[in-house]
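The primary structure of each chain is shown beneath.
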Amino acid sequence: MESPTRKPKAHLMDADAIARALYRIAHEILERNKGTERLALVGIRRRGVPLARRLVARIREIEGQDVPVGVLDITLYRDDLTERSEWPQVERTEVPFPVRGRRIVLVDDVLYTGRTARAALDALLDLGRPESVQLAVLVDRGHRELPIRADYVGKNVPTSRRELVEVRLTEVDGEDGVYLFEL
């Protein structure tokens, strides 16, 4: 999602705040799942992928254990596919481990209406039946249209529907930050 050419209304998180939030989420994931056994993280393309990889790195630092990480493209599972583009750009889903019987943590940057998370659930379940699915997001901005909630949240940001939350990550955007824009 491209931000308006205007200046941000607010700078919600800087690189240090993002790092602290991910460190806390990694601890929460480990606590809830009682360690790393049968645990795997799956990032939702685009910015969920680097966030999932960063969480896996934090978990490795904390537990000394590697946790598998996958990449999920949900393009063809979106309910607004025809509204977004006549020619959607489908990228590769890369989940190099069996989903069946695992505790999967889906990772995304922003939770808004819940439609992306629903599409991710559909895509994930096409790969197998996990023991459980949990959702981790860097920012929860509210305004749900579906009964979906995050299990792990970096920051809750109350917004209006006339605002846009933009997460920027070094791996994708060349910087780390979370910004609020007025539409």
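The preceding data block contains the structure.
On a predicted model such as this, the values are computed, not experimentally measured, just so you know. (Residues numbered from 1 in each chain as written. Predicted model: local features only at pLDDT ≥ 70, side-chain atom pairs only at ≥ 80, totals over all residues. Heavy atoms only, no water.)

Chemist: Sorry, what's going on with the packing of aromatic side chains here?
Modeler: The way to describe two aromatic rings as a pair is by their centre distance and the angle between their planes. All chains considered together, the criterion is met by 0 aromatic pairs. The ring of Y112 is capped by R141, whose NZ or CZ atom sits 3.9 Å from the centre of that ring. Taking NZ or CZ as reference, R168 lies 4.4 Å from the ring centre of Y179, over its face. (Phe/Tyr/Trp six-rings, centres within 6.5 Å; stacked < 30°, edge-to-face > 60°. Lys NZ or Arg CZ within 6 Å of the ring centre and 35° of its normal.)

Chemist: It is not clear to me how the nonpolar core should be interpreted in this structure. Could you clarify?
Modeler: Membership of the largest hydrophobic core comes to 30 residues, with the highest contact counts inside it found for L41, L138 and V139. If you list the elements that add at least two residues to this core, you get α1 (15-33), β2 (39-44), α2 (48-63), β4 (103-111), β5 (132-140), β7 (163-168) and β8 (177-182). Counting residues per element, this core draws most heavily on α1, at 8 residues. Residue contacts for L41: discarding those within four places in its chain leaves A52, L55, V56, I59, V67, P68, V69, G70, F97, V105 and V107. Formed by 21 residues, the second largest nonpolar core is a distinct cluster that contains I74, F97, A123 and V137. (Core = buried A, V, L, I, M, F, W, Y, C linked by side-chain atoms within 4.5 Å. Buried < 20%, exposed > 50% of the residue type's maximum accessible area, 1.4 Å probe, protein only. Helix = DSSP H or I, 4+ residues; strand = E, 2+ residues; numbered from the N terminus. Contact = heavy atoms within 4.5 Å.)

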